[in-house]
Amino acid sequence: QVQLEESGGGLVQAGGSLRLSCAASGRTFSPYTMGWFRQAPGKEREFVAAVTKSGGSTQYADSVKGRFTISRDNAKNTVDLQMNSLKPEDTAVYYCAGRLYAIGVLSTQYHYWGQGTQVTVSS
């Protein structure tokens, strides 16, 4: 069983930056992919970014390309999301998720989930 916990959320002005971190704990089986999703008030949960087990391949939602960077440190069992040039529309609860297979962009394709961390971007 894999337990995931996000951290690093907070309040930031538009144009600012935040770095989210996700740490795995407990009995774990390494997934092939780690990803980030987000859910804004009144909206469906949406894909943000994902990285393969080796870190050699990444995928981003069109809305965050060029602004967000996903990375992982397998030795520390963590995955980070560097968020730059934040916009008010980035405001959401951000969730870390793990998948046992290749990169997927649907939340139903992921097996392990954290509790989420709130990111609020003010204008």
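Structure first, text after, so check above.
Quick caveat, the model's predicted, so the values are computed rather than measured.

Caption draft 1: The arrangement of unusual backbone geometry in detail. The phi torsion at Asn77 lies on the positive side, around 60°, for a residue other than glycine. Mapped onto the elements, Asn77 comes out in the loop between β7 (68-73) and β8 (78-83). Of the residues examined, Asn77 reaches a relative accessible area of 34% and is grouped as partly exposed. Non-glycine residue Ser85 carries a positive phi angle of around 50°.

Caption draft 2: Summary view of the nonpolar core. Trp36, Leu81, Met83 and Tyr94 are the most contacted members of the largest nonpolar core, which has 31 residues in total. Mapped by element, the contributors of at least two residues to this core are β3 (18-25), β4 (33-39), β5 (46-52), β7, β8, β9 (92-99) and β11 (117-122). With residues near it in sequence (within four places) discarded, Met83 still touches Gly16, Ser17, Leu18, Leu20, Arg67, Phe68, Tyr94 and Val119.

Caption draft 3: View of the sheet that holds β8. Strands sit in the order β1-β3-β8-β7 across an open sheet of four strands; the sheet is antiparallel. Whereas interior strands pair on both sides, the edge strands pair on one side only; in this sheet they are β1 (3-7) and β7. Across this sheet, the average inter-strand angle for adjacent strands is 15°, counted without regard to direction. By the bridge criterion, six bridges tie β7 to β8 in an arrangement that is antiparallel. Looking at β8, one finds that Asp73 is bridged to Thr78.

Caption draft 4: Representation of the pairing of β1 within the structure. Burial along β1 is one-sided: the residues Leu4 and Glu6 are buried and none of Gln3, Glu5 and Ser7 is. Two strands pair when backbone bridges link them, and β1 and β3 are joined in this way by five bridges, in the antiparallel orientation. The partner of Ser7 across the bridge, within β3, is Ser21.

Definitions and cut-offs
- Residues numbered from 1 in each chain as written.
- Predicted model: local features only at pLDDT ≥ 70, side-chain atom pairs only at ≥ 80, totals over all residues.
- Heavy atoms only, no water.
- Helix = DSSP H or I, 4+ residues; strand = E, 2+ residues; numbered from the N terminus.
- Buried < 20%, exposed > 50% of the residue type's maximum accessible area, 1.4 Å probe, protein only.
- Core = buried A, V, L, I, M, F, W, Y, C linked by side-chain atoms within 4.5 Å.
- Contact = heavy atoms within 4.5 Å.
- Pairing = 2+ DSSP bridges.
- Axes fitted to C-alpha atoms, helices over the stretch in contact; angles between N-to-C directions.

The values reported here are purely geometric and, on their own, carry no functional implication.
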